[in-house]
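# An overview of the molecular structure
Single-letter residue listing:
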Amino acid sequence: MARLMHRLQQGAFCVTVEIDPPRGAGVAGTLERVRRFGDRVDAVNVADCPMANVRMSPITLAHLLQRDGQVEAIFHLTTRDRNIIGLQAELLGAAGLGVRNILALRGDDPSRGDHPDARGVFEVDTIGLIRLAAALNRGQTVSGTPLEQGTDFAIGCACNPAAADLEAEVSRLEEKVEAGAHFAQTQPVYDPRQVERFQAKLAGRVKIPILYGILPLKSYEFADRLNRTVPGIVIPGWVLDRMRGRDEEEGLRLTAELLREIGPHVHGVHIFPMNSARRVVAVLDLIDELGLRHSVRVGV
């Protein structure tokens with residue numbers, strides 16, 4: 001079992017951080033950034049060609065982070081670029097390299113990226129991808145062909161506490177869990193009431209650990225752009241008002257207030273630092289100041 005999943009099952013407050021792979025073949029800069037916080041987090045997520053722009057393979061970088069950065073990794077795998085044969089081959093390759101955490105995603109549409117004429121595959125949806133990984137864990141391909149050796153993936157999925165239709169969001173999450181998901185990471189949240197409403201919907205229905213997204217705001221303009229242009233991110237009006245005329249310092253104050261409210265009631269957080277190691281360290285310092293890593297969650 002991957003260490004992250006073991007800690008979640010033990011009730012520890014866990015912290016993960018998302019990074020983008022480099023645009024080229026060099027990894028030295030990425031490894032140097034991660035070394036600034038790697039010993040303070042439970043795992044580092046590696047995105048899969050985010051925004052449909054060409055980047056290094058997330059599996060390759062995840063392997064290098066574990067080997068050279070001494071930090072557990074979660075690689076993103078999208079259904080955008082590969083058919084079911086390719087998806088299973090990638091998963092087996094990751095397992096062979098010792099990368100045992102996956103986040104199953106659909107992926108951004110190619111029209112949004114640097115190759116807008118590329119064709120998306122989307123042979124299966126996210127639930128279909130989770131089923132593929134779960135089948136490999138059982139020692140067979142999704143078609144039922146036995147494997148010489150199965151896998152041992154901790155399978156993650158995404159969800160959104162700020163979704164307009166919370167019932168549909170929770171129903172979809174239930175399907176992901178039924179397909180084989182072991183944990184979830186959410187879109188960024190900004191209002192404790194978003195988390196409270198979401199957890200009320202989850203009660204008695206979804207029991208996997210959930211890490212709630214934290215994306216510190218650095219300016220009003222940045223917050224407004226996120227709110228208007230990024231699907232799934234909902235920033236309440238009162239938060240936008242707080243950021244008006246303010247800078248990153250106010251954004252961190254909002255993050256501290258959010259962590260203070262939700263920290264005792266969640267399994268952990270997933271930090272979206274926009275590839276800034278300094279921003280990761282700032283959030284980790286807030287988590288330490290609040291003492292969240294020292295308590296154990298039972299029955300969250």
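Here the residue index of a chain counts from 1 through its sequence in written order. Totals for whole chains, interfaces and linings use every residue, but because this is a predicted model, local features are given only for residues with pLDDT of at least 70 and side-chain atom pairs only at 80 or more, for both listing and counting. Side-chain measures here rest on the full set of heavy atoms in the structure, leaving out hydrogens and waters.

## Regarding the side chain of Thr141
In plain terms, the rule: Each helix is a run of H or I in the DSSP string that is no shorter than four residues. Each strand is a run of E no shorter than two, and both are numbered from the N terminus. Here a polar contact is recorded for every N or O atom pair within 3.5 Å, except that within protein the pair must consist of a potential hydrogen donor and a potential acceptor, and residues adjacent in sequence are included only if both atoms are side-chain atoms. Any two residues having at least one pair of non-hydrogen atoms within 4.5 Å are treated as being in contact.
Looking at the element boundaries, Thr141 is found in the loop between helix H5 (126-137) and strand S5 (154-159). In this structure the side chain of Thr141 is engaged in a polar contact, spanning 2.9 Å, whose partner is the side chain of Ser143. Ignoring anything within four residues of it in the chain, the contact list for Thr141 reads Gln88, Ala135, Leu136 and Leu147.

## A word on unusual backbone geometry
How we decide: The buried label applies to any residue whose accessible area, calculated with a 1.4 Å probe on protein chains only, is under 20% of its type's maximum; exposed applies above 50%, and partly exposed to all values in between.
If you check the backbone angles, Met274 has positive phi at about 55° while not being a glycine. With respect to the helices and strands, Met274 occurs in the loop between strand S8 (268-271) and helix H11 (277-289). Classification of Met274 by relative accessible area gives partly exposed; the value is 44%. We note that Asn275 has phi near 65°; this positive angle belongs to a residue other than glycine. Within the secondary structure layout, Asn275 lies in the loop between S8 and H11. Judged by relative accessible area, Asn275 falls into the partly exposed class, the value being 29%.

## Let's talk about the packing of helix H2 (residues 28-35) against helix H3 (residues 58-68)
For the record, the criterion: Think of each axis as a best-fit line through the C-alpha atoms, taken over the contacting stretch in the case of a helix, with angles from 0 to 180 degrees between the N-to-C directions. Small angles under 35 degrees read as roughly parallel and large ones over 145 as roughly antiparallel, with 65 to 115 read as roughly perpendicular and the rest as oblique. Two helices cross in a left-handed way if the nearer one is turned anticlockwise from the farther one by less than a right angle. They cross in a right-handed way if the turn is clockwise. Residues are sorted three ways: Asp, Glu, Lys and Arg are charged, Ala, Val, Leu, Ile, Met, Phe, Trp, Tyr, Cys and Pro are nonpolar, and all the rest, Gly among them, are polar.
At a closest axis distance of 11 Å, the pairing of H2 and H3 adopts a crossing angle of 55°. Judged by the inter-axis angle, H2 sits oblique to H3. Crossing of H2 against H3: the hand is right-handed. On the side of H2, the interface is formed by Thr30, Leu31, Val34 and Arg35, while H3 contributes Leu61, Leu64, Leu65 and Asp68. A breakdown of the residues in the contact of H2 with H3 according to their chemical character gives five nonpolar, one polar and two charged.

## A word on H5
Owing to its 3.6 residues per turn, the α-helix brings residues three or four apart onto one side. To be explicit about the condition: By this rule the span expected of a helix is its residue count minus one, scaled by 1.5 Å.
Taking 1.5 Å per residue, 12 residues should reach 16 Å; H5 reaches 17 Å between its end C-alpha atoms and fits that length. Turning to H5, its buried residues number three or more, namely Thr126, Ile127, Gly128, Leu129, Ile130, Leu132, Ala133, Ala134, Ala135 and Leu136. Packing partners of the buried residues in H5 comprise strand S3 (73-78), helix H4 (84-96), strand S4 (101-105), S5 and helix H6 (166-179). The distance from a side-chain oxygen at the start of H5 to the backbone nitrogen of Ile127 is 3.2 Å, and the residue carrying that oxygen is Asp125. A positive backbone phi angle near 90° is found at Gly139, which sits one or two residues after H5.

## Notes on the environment of Val234
Position of Val234 relative to the elements: it lies in the loop between helix H8 (220-229) and helix H9 (237-243). Val234 gets classed as partly exposed once you look at its relative accessible area, which sits at 36%. Between the C-alpha atom of Val234 and that of Arg40, which follows or precedes it by 194 residues, the distance is 28 Å. Aside from chain neighbours lying at most four places away, what touches Val234 is Ala162, Tyr190, Gln194 and Asn227.

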